[in-house]
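# Secondary and tertiary structure notes
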Amino acid sequence: MKDYDLMIVLGKNWSNPGGVWFRGEEPTLSVDSKLCSIASGLLYSRGITDNVLFCGGKTLGRQYPGESEEMFSFMLECGFFANSNNVFFERESFDTHGNAQGVKKFLWHHDFSRLALVATQPHIARAKKVFDYHDISTDTLTVEKVIEEERGLSSYIQDYRRSIHYRSDIMREQVLNFVQDINPSGSFLRFAAKALPTRKH
């Protein structure tokens with residue numbers, strides 16, 4: 001028996017939204033989303049589950065690719081394999097509450113009960129709170145720990161943790177965690193998310 005019926009993978013935006021809109025560059029996943037893709041590939045190859053659900057909609061705009069499909073594509077580019085019949089996409093969300101709502105709708109149509117939630121360390125605590133709020137029980141798996149366990153990859157995670165981007169994300173998530181605690185429904189955060197330049201619909 002597999003450890004989980006379903007692995008839920010959360011992304012973390014794009015790296016170059018301004019370049020996409022103003023200079024016509026190709027959309028590029030953020031380093032966080034790329035690491036989530038790699039971690040999902042590693043976990044799948046380790047056999048913890050047969051089923052993967054990538055979350056994230058067209059957060060750059062309707063004319064651009066969705067985050068969920070891009071994460072899966074990047075996972076394949078990294079040399080990982082997954083049976084396409086067991087890979088699913090949540091394509092409508094633009095924030096973590098939207099991820100959870102999309103997952104809940106997905107679960108209405110699939111008999112999966114043992115769920116693993118995959119996200120970066122700064123994001124995972126808030127993501128867990130959000131999924132709990134939507135009555136979705138999950139075990140959490142942090143991207144950094146998953147990748148560190150793979151021989152030869154720990155140095156990449158050490159560099160990632162030392163980056164200004166990572167430290168900034170920790171501070172950002174601390175603020176968002178506080179807001180989540182005082183506004184569990186996420187209405188404040190959803191309003192703020194819609195104002196972000198990478199949340200154009």
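Summarised in this report is the structure supplied together with it.

This part is about the packing of helix α2 (residues 31-45) against helix α3 (residues 67-77). Remark: α2 packs on α3, axes separated minimally by 8 Å, with the N-to-C direction vectors making an angle of 55 degrees. As far as their axial angle goes, α3 and α2 are oblique. Judged by the twist between their axes, the crossing of α2 over α3 is right-handed. Between α2, through S33, K34, C36, S37, I38, S40 and G41, and α3, the contact on the second element is made entirely by E67, M71, F74 and M75. Grouping the constituent residues of the contact of α2 with α3 by class yields five nonpolar, four polar and two charged.

This part covers the pattern of salt bridges. Counted by the stated rule, this structure contains 16 salt bridges. Salt-bridge contacts for R46 lead to E150; the nearest nitrogen and oxygen are separated by 2.9 Å. One end of the pair, R46, is in the loop between α2 and β2 (52-55); the other, E150, is in the loop between α6 (143-148) and α7 (154-162), and 104 residues separate them in sequence. On the basis of relative accessibility, which here comes to 33%, the residue R46 falls in the partly exposed class.

Structurally, the position occupied by Q180 is in helix α8 (residues 164-182). Residue contacts for Q180: discarding those within four places in its chain leaves H97, R126, K129, V130, G186 and L189.

With that settled, consider the sheet that holds strand β1 (residues 6-10). Taken together, the five strands give an open sheet; going across it, the order is β3-β2-β1-β4-β5, and neighbouring strands pair in parallel fashion. Unpaired on one side and paired on the other, β3 (87-90) and β5 (139-142) mark the two borders of the sheet. Strand after strand, the sheet turns through a mean of 25 degrees between neighbouring axes, direction not considered. The pairing of β1 with strand β4 (residues 115-119) spans four bridges and is classified as parallel. When the bridges of β4 are listed, L6 appears paired with L115. The strands that α2 touches are β1, β2, β4 and β5; relative to β1, the one it contacts most, it runs at about 165 degrees. Relative to β2, α3 is tilted by about 125 degrees, and along the sheet it contacts β1, β2 and β3.

What counts as what
Residues numbered from 1 in each chain as written. Predicted model: local features only at pLDDT ≥ 70, side-chain atom pairs only at ≥ 80, totals over all residues. Heavy atoms only, no water. Axes fitted to C-alpha atoms, helices over the stretch in contact; angles between N-to-C directions. Helix = DSSP H or I, 4+ residues; strand = E, 2+ residues; numbered from the N terminus. Parallel < 35°, antiparallel > 145°, perpendicular 65-115°, else oblique. Left-handed = near helix turned anticlockwise from the far one by under 90°. Contact = heavy atoms within 4.5 Å. Nonpolar A, V, L, I, M, F, W, Y, C, P; charged D, E, K, R; others polar. Salt bridge = Lys/Arg side-chain N within 4 Å of Asp/Glu carboxyl O. Buried < 20%, exposed > 50% of the residue type's maximum accessible area, 1.4 Å probe, protein only. Pairing = 2+ DSSP bridges.

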